Amino acid sequence: MKTYAEMTAELEKLAAHNERLVSGLRSARAQIVELKNDLERVGDPPNSYATFLRRCEGTTIDVLHNGRRLRVATAASLDLDALAPGTELRLNEALAAVEAVPQGDSGNVVPVVEALADSRVLVAVAPDDTRVLRRAGALTEETLHPGDHVLVDLRSQLVLERIDRAEITDLVLEQVPEVSFGEIGGLGEQIEAIRDAVELPFLQQDLYRTYGLRPPQGVLLYGPPGCGKTMIAKAVAHELVLRSAEVRGVSVEDALANSAFLNVKGPELLNKYVGETERSIRLVFERAREKAAADHPVVIFFDEMEALFRTRGTGMSSDVETTIVPQLLAEIDGVEGLDNVIVIGASNREDMIDPAILRPGRLDVKIRVRRPNARAGREILGLYLGEDVPVREDRESLLDLAVREIYADGPATAYVRVEYADGGHDTLHFRDFVSGATLRNIVDRAKKLAVKDQIATGEPGVGSEHLTEAIRVEFAENEDMPSAAHAEDWARVTGLPGRSRRRVEAVVPLQDRSRPEDAAATAEEVSA
């Protein structure tokens, strides 16, 4: 006979076994239910999708389903007030709309031809296929301009989304530069001329209309490289925004956000495919007109202009320029106008630019940016060797020393001998090739020498020995070596004196001035 303890242990064992059986049955039941649900889902009829077009009487709506326009019923759970044209809907087996689903993000990207007044949009699907489409709900309030790229669903005939034009970003730099006229030295006459040509017409529009004056369409800055043409263009854009903000009574931040400096990148603009470069020029001017439509000033800056718009029909240009130049002329002279838009070009070879671009009514203001003379050079040096730079000696004395050495006129500074076709010749010196960029490099070199000197000796400040060494190294390393094969072209680019005299093919450089022991020999050669 079993004892009480044995019976209790056996009962506990049976209870545990029963619990395991119950758990197994529950798990099996859950699996059976899940399999049943899967079977029912597999057996459900397929759902389809449609695009919402408009709301109709009661709870019915019009949709586009598989290319057909249908009027369907809606489920009670579907919020009809939240539906907008273009919303994608899920339809059940009875073709009733039961759920709104996220909108698709694919389709055709096409350019806008015109935004119509009734919220429709004229788009160019193909060169010979222009269609009128309706806006999707997300685009109802958005402003579309000709040339904008939009995502469209051609089946539902809806414009779904505005696509940012990355190609414009690749072509231009839009930010207004933080460069003021106060940062430019030695070009007071040129700055005054361009302010009269650009700022005055924009800021005094009423007076210009009173006197019947026509603001210039464009400005050409020409002269040797490194003399501040690009800096002037940047400063024009910046100062124009500041003056515009004052006149219109808006904050500088708002003016900077809405104005633009379209710095056209020439290499990206040139395209080997026929018509692409011309289309890019149109896009640049379209963007400018968009920005200027709200009375915000816009500057379009073409650097190295001769590379894009060379003279046609002279053998200097390729077939590309025969269509690029007319496209630019069409944009400047076009019926749409260029209100609040100023075109600024910069070039080292103004003689290579097509004359049609430079005639009155187009780039009709021409400002020559010359190499800095001694007075202008001292002003530029003073900007970079300012009051915030530590010096070892009197600052004015250092500037005087630098000007004397840079603009010296002696045998040791002779640089090149230029021979002319009429038998004459000129000996040019380093001072004839000085640019603003050269002067900045000299000061930067002197600062670096001062830093190294302070690390070695502990004595701070730029001294005369640093400036002297910087001038010597700068002249030695950055000789603008002439081309013996193309003397005339080299002379034009560098802005040499005697422009009216034709140079012969040989331009003889005077070598080996970087070593002091060679200076005397060079001097003897020059004097001889």
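What you see is a predicted model, and the numbers here were worked out from it, not measured in a lab.

## Digging into the sheet that holds strand β1 (residues 48-55)
Spatial strand order, β3-β2-β1-β4-β5: five strands in an open sheet with antiparallel pairing. Every interior strand has two partners, whereas the edge strands, β3 (68-72) and β5 (97-101), have only one. In this sheet, neighbouring strand axes are inclined to one another by 40° on average, regardless of whether the strands run parallel or antiparallel. Sheet analysis places β1 next to strand β4 (residues 88-91), joined by four bridges and oriented antiparallel. Considered in β4, the bridge of S48 is made with L91.

## Points about the pattern of salt bridges
Enumeration over the complete set of coordinates arrives at 23 salt bridges. A salt bridge links R69 to D62, with the shortest nitrogen-to-oxygen separation between them at 3.7 Å. A relative accessible area of 55% places R69 in the exposed class. Among the ionic pairs, R243 bridges to E239, the shortest N-O distance being 2.8 Å. Residue R243 and its partner E239 are both found in helix α5 (residues 229-248); the two are separated by four residues, about one turn of the helix. Each member of the pair, R243 as well as E239, is classed as buried. Salt bridges sharing common partners tie together R54, E57, D62, R69 and R71.

## Section: the pairing of strand β18 (residues 425-429)
Two strands pair when backbone bridges link them, and strand β17 (residues 414-420) and β18 are joined in this way by five bridges, in the antiparallel orientation. Bridging from a neighbouring strand, A414 pairs with H429 of β18. Remark: four residues form the turn of the hairpin made by β17 and β18, two consecutive strands paired antiparallel; G423 in that turn has positive phi of roughly 95°.

The rules behind these values
Residues take numbers from 1 onward in each chain, read along the sequence in its written order. Given that this is a predicted model, residues contribute local features only at a pLDDT of at least 70 and side-chain atom pairs are listed and counted only at 80 or more, while totals for whole chains, interfaces and linings are drawn from all residues. Excluded from the side-chain calculation are hydrogens and water; included are all heavy atoms of the structure. Any two strands between which DSSP finds at least two bridges are classified as paired. Only DSSP runs of H or I reaching four residues or more are called helices, and only runs of E reaching two or more are called strands; each is numbered from the N terminus. Here, axes are lines fitted to C-alpha atoms. For helices the fit covers the stretch in contact, and angles between N-to-C directions go from 0 to 180 degrees. Any Lys or Arg side-chain nitrogen located within 4 Å of an Asp or Glu carboxyl oxygen qualifies as a salt bridge. Throughout this description, buried means an accessible area under 20% of the type-specific maximum (1.4 Å probe, protein chains only), exposed means over 50%, and partly exposed covers the range between.

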